[in-house]
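Here is how the chains run, residue by residue.
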2 protein chains.
Amino acid sequence: VERLTFDERAAFSPADPRLQRVAIAPLTASLQAGSSIQAAIFRLATGGRIARHPATVPQILAVLEGTGRVSGADGTFEPIAAGQAVTWAQGEEHETESDDGMTVLILEAEGLVPFHGRGSS
Amino acid sequence: VERLTFDERAAFSPADPRLQRVAIAPLTASLQAGSSIQAAIFRLATGGRIARHPATVPQILAVLEGTGRVSGADGTFEPIAAGQAVTWAQGEEHETESDDGMTVLILEAEGLVPFHGRGSS
């Protein structure tokens, strides 16, 4: 057993121009550091934004708290709220914003297959 | 972009004797179904329990809501609450319980490396 914390106090804001008013608390080491999966809690403050960029590997964004909007390859924003998730394919351009604040889990891994219902997995 | 939901209505209770008063909402397909990572939201109701069993691959349990207790190889339970996570090594026996209810994210993957602080990843 090892323990770690991912609460607000554990979060930090990396010097990444794509991240605006976003704090991150990692659960895993990064893909670059050799973990097979990269998982982190992202906290978007009011007006927070993860600017448009391509997914390096298949990705899931799951909203834990709050509301926001996301877009994929076609650039159309759709609202998203707690209890809802979105998946982006490898290479897909995507973007995430929140007016009122939003806490999300982001999972990234080669070979990640999203859940498609009880009959299919 | 694909969407999925993982809220309480999307959760189901598998016929698994290790799961007592536990409902699961998957984010990914299972390892057996070919996903490289298995991620799901587990909702333990009051008195809920995931009975002692070994981790098949490295695992992280991150508490999103509520409180409970977890044990690892030595069988000693320690309290855990929202914002805290625990990692179990491949093969490590472990157990999770909650008196008052707890919602957790469970991540399982070969090659998963837990986060060990900003200097180390």
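In this text the structure is predicted, and so the values were computed from the model without any measurement.

Taken together, the contact between chain B and chain A spans 48 residues of the former and 48 residues of the latter. Buried surface at the junction of chain B and chain A, both sides included, amounts to about 3,900 Å², of which 62% is carbon and sulfur. Counting the surface chain B buries against chain A, the share from its top three residues, V1, R3 and F115 of chain B, is 17%. Remark: the boundary between chain B and chain A carries two salt bridges. R3 of chain B is paired through a salt bridge with E78 of chain A; the nearest N and O atoms lie 3.0 Å apart. Scanning the region where chain B abuts chain A turns up 30 residue pairs in polar contact (both at pLDDT 80 or more). Elements supplying a minimum of two residues to the side of chain B that touches chain A: β1 (2-5), β4 (59-71), β5 (78-81), β6 (84-88) and β8 (102-108) of chain B. Its residues assigned to classes, the side of chain B that touches chain A comprises 27 nonpolar, 14 polar and seven charged. Relative to β6 of chain B, strand β1 (residues 2-5) of chain A runs antiparallel, the two sharing four bridges.

Once that is clear, we can look at the side chain of E97 of chain B. Residues and elements named next belong to chain B. Relative to the helices and strands, E97 is located in strand β7 (residues 93-98). E97 sits in the buried class, given a relative accessible area of 13%. Here the side chain of E97 touches R49 through a polar contact of 3.2 Å, side chain to side chain. Looking at E97, its side chain comes within polar contact range of the side chain of R69, at 2.8 Å.

Criteria and cut-off values
Residues numbered from 1 in each chain as written. Chains lettered and ligands numbered in written order. Predicted model: local features only at pLDDT ≥ 70, side-chain atom pairs only at ≥ 80, totals over all residues. Heavy atoms only, no water. Contact = heavy atoms within 4.5 Å. Buried area = accessible area lost by both parts, 1.4 Å probe. Salt bridge = Lys/Arg side-chain N within 4 Å of Asp/Glu carboxyl O. Polar contact = N/O pair within 3.5 Å; in protein donor to acceptor, adjacent residues only side chain to side chain. Helix = DSSP H or I, 4+ residues; strand = E, 2+ residues; numbered from the N terminus. Nonpolar A, V, L, I, M, F, W, Y, C, P; charged D, E, K, R; others polar. Pairing = 2+ DSSP bridges. Buried < 20%, exposed > 50% of the residue type's maximum accessible area, 1.4 Å probe, protein only.

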